Amino acid sequence: MEGISEVAKSKQQLIIEEWNGSSSTKLFKTATIFASPSLSIHRSGSRFNHVWRRVLQAFVPEGFPGSVTPDYVPFQVWDSLQGLSTYIRTMLSTQALLSAIGVGEKSATVIGATFQWFLRDLTGMLGGVLFTFYQGSNLDSNAKMWRLVADLMNDLGMLMDLLSPLFPSAFAFVVCLGSLSRSFTGVASGATRAALTQHFALQNNAADISAKEGSQETMATMIGMALGMLLARITMGNPFAIWFSFLFLTMFHMYANYRAVRCLSLNSLNFQRSSILLQQFMETDQVLSPEQVSTMEHVLPMWTTSWISKDKLLHMRVELGVRVSSLGHQEMMDLLHSSAAINEKAKYLLVERKGIIGAIVHKDSSAADVLQSYIHALVVAKMV
């Protein structure tokens, strides 16, 4: 949108200011025109700055940086770096996979290579459906963890492709295992990306952020493909150089992913963030900010936190949505006796099973009732 925002007129002077932007809240001055009595134009900023601003508009959301959250820039920087390392490694793994299939060998048949590729893709599709079935509802609330897990699974898939030429007798199994691993990556990465886009959007500009994310990925892809082709050519026929390059880039990829998710300060509550807030409030009588909670949040999968004290992972001692049919006879009797002391307006019951506080929620309970039951269970777990 270009137009005249202000006209100041006197007997001998006319001043016109030119502003540019997509809306009234996202304008910047581009030029000032003077007529007194000769016409003169003074452009705001140098021509280089004007061109640079135009180029930047293709990669950052409109109104940047005010239109996104403060953690957008550090996350995108680390995310672009990890994506760059991924595309470079893709060239190495694809080269190994094509070699294992038989590309370039006279003995290889087209139908054999086609069937192996089809089996690989079919395994990935089935894996994606199964992963969505079991974990689809858990991706929004644990976007940080699943974002990290998605890229780790992608690393595993690439490793399987690189290993495939070393095990020709088990080629189909190794390739299908790698495809299965990458299928988890596709589902988890896409779902968590949608959740993070909503988090970054401050002005209902999720679509714009998503579009600019595509531009950033395209640029990273082109650079990564060029560097990957160069690396593949340099390391061709040198297994040590190939493996050293792959492992080095994989380690950097894992580090960049960890730094990216650590940059995020999500302002929504999940099981872990709720327990961190409650614990700190009970111990210090203070309510933490999202930034403070993010520094205390564990982003690694739960099976990697077995060395951490259970007192620091209070949410691990609470189970929400326990089925009554899963209770034992004694637990059922304890529940019936304790239900008489519960407030009649409460739409949940709490039961203790082997140190775990379970919450049984009424079928007509609202979101507030579910949250109340979870907080109550956390308090009980903290005091037990």
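Identification of the protein chain as Protein root UVB sensitive 3 from Citrus sinensis is taken from an unreviewed UniProt entry. Entered under Subcellular location (unreviewed entry) in the UniProt record, the comment concerning the protein chain runs "Membrane". Recorded in UniProt for the protein chain, the comment headed Sequence similarities (unreviewed entry) runs: "Belongs to the RUS1 family."

S.K.: How would you sum up the nonpolar core? Please name residues and give values.
M.R.: The biggest cluster of nonpolar side chains holds 15 residues, and the ones touching the most others in it are Tyr72, Phe75, Trp78, Leu196, Phe200, Ile209 and Leu264. Formed by 11 residues, the second largest nonpolar core is a distinct cluster that contains Leu278, Val318, Leu350 and Ile357.

S.K.: Now, about a nonpolar patch on the surface: what can you tell me, with residues and values included?
M.R.: Taken together, the side chains of Phe64, Val73, Val77, Leu81, Phe252 and Tyr255 present a nonpolar region at the surface, about 460 Å² in accessible area. Secondary-structure elements contributing two or more residues to the nonpolar patch are helix H2 (72–101) and helix H7 (239–263). Considering the arrangement of structural elements, one finds Val73 in helix H2.

S.K.: Help me get a handle on the pairing of strand E7 (residues 356–361), residues and values and all.
M.R.: The side chains of a regular strand alternate, residue by residue, between the two faces of the sheet. Across 3 bridges, strand E5 (residues 318–320) lies against E7 in parallel orientation. Residue pairing for E7: Leu320 is matched across the bridge by Ala359. In this structure, strand E6 (residues 348–353) lies alongside E7, joined through 6 bridges in antiparallel fashion. Bridging across to E7, Leu350 finds its partner in Ala359. Between E6 and the antiparallel strand that follows it, E7, lie 2 residues; Lys354 among them carries a positive phi value of about 55°.

S.K.: Any details on the UniProt feature "transmembrane region" (unreviewed entry) in the protein chain? Residues and values, ideally.
M.R.: Following the UniProt record, one finds the feature "transmembrane region" (unreviewed entry) at residues 240–258. The span residues 240–258 carries 100% helix and 0% strand; its end-to-end C-alpha distance comes to 27 Å.

S.K.: Summarise the pattern of salt bridges; cite the residues concerned and give the values.
M.R.: The final tally for this structure, using the stated rule, is 10 salt bridges. Where Arg193 meets Asp79, a salt bridge forms, and the shortest distance between an N and an O atom there is 3.1 Å. Of this pair, Arg193 sits in helix H5 (residues 171–200) while Asp79 sits in helix H2; the two residues are 114 residues apart in sequence, bridging distant segments of the chain. Residues Lys212 and Asp208 are paired through a salt bridge, measuring 3.1 Å at the closest nitrogen-oxygen approach. Residue Lys212 and its partner Asp208 are located together in helix H6 (residues 206–235), separated by 4 residues, close to a single helical turn. With a relative accessible area of 21%, Asp208 lands in the partly exposed category. A cluster of three or more residues bridged by salt bridges with shared partners is formed by Asp79, Arg147, Arg193 and Glu213.

S.K.: Any chance you could break down helix H4 (residues 143–163) for me, citing the residues and the numbers?
M.R.: If you check H4, its first and last C-alpha atoms are 30 Å apart, about what 21 residues at 1.5 Å a residue would give, namely 30 Å. For H4, a buried count of 16 out of 21 residues is recorded, marking the element as mostly surrounded by other parts of the structure.

S.K.: Provide a residue-level description of the side chain of Ser181, including the pertinent values.
M.R.: Here Ser181 lies in helix H5. For Ser181, a relative accessible area of 3% puts it in the buried group. Sequence-distant contacts of Ser181, that is, excluding residues within four places in its chain, are made with Met153, Asn154, Leu156 and Gly157.

S.K.: I'd like a description of unusual backbone geometry, backed by residues and values.
M.R.: We note that Asn204 has phi near 55°; this positive angle belongs to a residue other than glycine. Secondary-structure assignment places Asn204 in the loop between H5 and H6. For Asn204, a relative accessible area of 82% puts it in the exposed group. If you check the backbone angles, Asp285 has positive phi at about 60° while not being a glycine. As for its position among the elements, Asp285 is in the loop between helix H8 (271–284) and helix H9 (290–296). A relative accessible area of 57% places Asp285 in the exposed class.

S.K.: Lay out the side chain of Asn205 with the relevant residues and their values.
M.R.: Among the structural elements, Asn205 can be located in the loop between H5 and H6. With residues up to four places along the chain from it excluded, the contact list for Asn205 reads Pro61, Glu62 and Ser67.

S.K.: Pulling in residues and values, what's your account of the environment of Leu139?
M.R.: Its location among the elements puts Leu139 in the loop between helix H3 (110–135) and H4. Along the chain, Leu139 and Ala195 lie 56 residues apart, while their C-alpha atoms are 8.5 Å from each other. The contact partners of Leu139, leaving out residues within four places of it in the chain, are Phe131, Trp146, Val187, Ala188, Ala191 and Thr192.

S.K.: Give me the sheet that holds E5: which residues, what numbers.
M.R.: Strand order in the open sheet made by the 3 strands is E5-E7-E6, with mixed pairing throughout. Each of the sheet's edge strands pairs with one partner strand only, and the pair in question is E5 and E6. Across the sheet, the mean angle separating the axes of adjacent strands is 20° when strand polarity is ignored. The strands touched by helix H11 (residues 367–383) within the sheet are E5, E6 and E7, with E6 carrying the most contacts at an inclination of about 30°.

S.K.: Give a detailed account of the packing of aromatic side chains, specifying residues and quantitative values.
M.R.: Counting across every chain of the model gives 8 aromatic pairs. Geometrically, the ring pair formed by Phe75 and Phe200 is tilted, given 5.6 Å between the ring centres and 45° between the ring planes. With Phe75 in helix H2 and Phe200 in helix H5, this pair connects stretches of sequence that are 125 residues apart. Considered together, Phe75 and Phe200 belong to a single accessibility category, that of buried residues. Relative to Phe244, the ring of Phe240 lies with its centre 6.4 Å away and its plane at 20°, an arrangement referred to as stacked. Taken as a pair, Phe240 and Phe244 lie in helix H7 at a separation of 4 residues, close to a single helical turn. Joined through ring pairs, the aromatic side chains of Phe64, Tyr72, Phe75 and Phe200 make up one cluster.

Calculation criteria
Along each chain, numbering runs from 1 in the same order as the chain's sequence is written. Predicted model: local features are reported for residues with pLDDT of at least 70 only, side-chain atom pairs are reported and counted for 80 or more only, and whole-chain, interface and lining totals are derived from all residues. Note that water and hydrogens are dropped before the side-chain values are worked out from all heavy atoms of the structure. UniProt positions are given in the numbering used here, feature names are shortened, and annotations may be inferred rather than shown by experiment. By nonpolar core is meant a set of buried Ala, Val, Leu, Ile, Met, Phe, Trp, Tyr and Cys residues that side-chain atoms within 4.5 Å join together. Think of it in three bands: residues with accessible area under 20% of the maximum for their type are buried, residues over 50% are exposed, and the middle band is partly exposed, with areas taken using a 1.4 Å probe on protein chains only. Residues enter patches when they are more than 30% accessible in relative terms and free of salt bridges; like-charged ones are connected within 9 Å and nonpolar ones (Val, Leu, Ile, Met, Phe, Trp, Tyr) within 5 Å. Where accessible areas are quoted, they stem from the Shrake-Rupley method and a 1.4 Å probe; at the residue level, only the protein chains shown are allowed to cover. Take a side-chain nitrogen of Lys or Arg and a carboxyl oxygen of Asp or Glu: if they are within 4 Å of each other, that pair is a salt bridge. Under the scheme used here, helices are H or I runs from DSSP no shorter than 4 residues and strands are E runs no shorter than 2 residues, and both carry numbers assigned from the N terminus. Criterion used throughout: strands pair if DSSP finds at least two bridges between them. Given a helix with a known number of residues, its expected span is that number minus one, times 1.5 Å. Whether two residues are in contact is decided by their heavy atoms: any pair within 4.5 Å suffices. Every axis corresponds to a line fitted to the C-alpha atoms, with the helix fit spanning only the stretch in contact, and the corresponding angles, defined between N-to-C directions, vary from 0 to 180 degrees. Ring pairs shown here join Phe, Tyr and Trp side chains whose ring centres sit within 6.5 Å, with only the six-membered ring taken for Trp; geometry is labelled stacked below 30 degrees between planes, edge-to-face above 60, and tilted in between.

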